[in-house]
Amino acid sequence: AKKLKIAIDGPASAGKSTVAKLVAHKLKYIYCDTGAMYRAVTWLAIQQNVALNDDLALAEMLKTIEIKFVPSKNGQLVFVNGNDVTKEIRMPDITNNVSTVAAQVSVRTKLTQQQQEIAVNGGIVMDGRDIGTTVLPDAEIKIFLVASVKERALRRFKENQIKKIATPLRELEREIEERDRKDSTRVVSPLVQAEDATKVDTTSLNIEEVVSKIMEIVENKL
Ligand code: C5P
């Protein structure tokens, strides 16, 4: 069978990573969470007291960064320069600052290059904001996942309950809208649907329904 490149993009909390992981598992493909890479850079910048909008300082920091995905029985672990940051990069402090870091040219250039290297042999499901438009414009499958802000905030609220993060629902709605706004209006590779992407609205779909929709599209290309 062909080893496809599958790009899954969309706004915050639309269910990209959940669905991308399941699709990758079904196809025995690699799964690459590019959001985790932007979060890892944000973590390191905060750790090293680098101003999050200082493109030059971030460029310097990125010279020695090593981001690794390590498989484990509970899913992929994320390491930055040898530190396991898997849990920390999901905390509100990172979530609410990552869009600032992700808007810097040095950061996007570096991570885009690394993502292209990871995907070079195909057989990959990559999720993010600019995969179909910038990272893998040649991907055979491009999905743009959307859902209403209310629904996305509710999903995040439920996830947070498990992680014992107590942000109120209204606050989550506001944070999600703010992150979408920043991601969609930045100059370099903004969040936008690729012309050749298929839009899937997940507002009233469950995870299995979204996965089977995507698998149908994939099977037509295999
Ligand atoms: O997908 P996730 O919510 O973990 O992504 C975190 C942030 O990383 C996004 O809000 C966005 O600012 C940035 N990002 C990006 N390009 C990608 C993936 C994520 O700019 N391909």
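Scoring rules and cut-offs
- Sequence positions are assigned chain by chain, starting from 1 and proceeding in written order.
- Note on the predicted model: pLDDT of at least 70 is required for a residue's local features to be given, and 80 or more for side-chain atom pairs to be given and counted; whole-chain, interface and lining totals, by contrast, use all residues.
- By convention in this description, side-chain values take in all heavy atoms of the structure and omit both hydrogens and water.
- Put simply, DSSP marks the helices as runs of H or I at least four residues long and the strands as runs of E at least two long, and each gets a number from the N terminus on.
- Both definitions apply: the radius of gyration is a C-alpha atom measure, and the globule rule equals 2.2 Å times residues to the power 0.38.
- Think of it in three bands: with a 1.4 Å probe and only protein chains considered, a residue is buried below 20% of the maximum accessible area for its type, exposed above 50%, and partly exposed in between.
- In this analysis, two residues are considered to be in contact whenever any of their non-hydrogen atoms come within 4.5 Å of each other.
- Buried and open spaces are told apart on a 1 Å grid over the protein atoms alone, a cavity being a set of points where a 1.4 Å probe fits but cannot get out and a pocket being an open set with protein on both sides within 12 Å along at least five of seven lines. Residues with an atom within 4 Å of a point are the lining residues.
- Grid points are joined across faces, edges and corners, and a volume is the space filled by probe spheres set on the points.
- The nonpolar class holds Ala, Val, Leu, Ile, Met, Phe, Trp, Tyr, Cys and Pro. Asp, Glu, Lys and Arg form the charged class, and all remaining residues, Gly among them, are polar.

## Examining the overall build of the protein chain
(1) Moving on: Scanning the protein chain for helices and strands turns up ten helices and eight strands.
(2) Moving on: In terms of overall dimensions, the protein chain is globule-like: its C-alpha atoms have a radius of gyration of 17 Å, near the 17 Å expected for 222 residues.
(3) Moving on: By principal-axis analysis of the C-alpha atoms, the protein chain measures approximately 50 × 40 × 35 Å.
(4) Moving on: Expressed as a percentage of the 222 residues in the protein chain, the buried residues total 47%.
(5) Moving on: Within the protein chain, contacts between residues at least 6 apart in sequence are counted, and of these 74% link residues at least 24 apart.

## Things to note about empty space enclosed by the protein
(1) Moving on: With the rule as written, the count across this model stands at one cavity of 30 Å³ or more.
(2) Moving on: Computed from the structure, the largest cavity encloses a volume of approximately 30 Å³.
(3) Moving on: As for the largest cavity, its lining consists of Ala7, Asp9, Gly132, Lys142, Ile143, Phe144, Val192, Gln193, Ala194 and Ala197.
(4) Moving on: Every element with two or more residues in the lining of the largest cavity is listed here: β1 (5–9) and β7 (141–146).
(5) Moving on: Broken down by element, the residue count for the lining of the largest cavity peaks at three residues, all from β7.
(6) Moving on: Looking at the lining of the largest cavity residue by residue, the class counts come to six nonpolar, two polar and two charged.

Distances and angles like these do not, on their own, reveal function.
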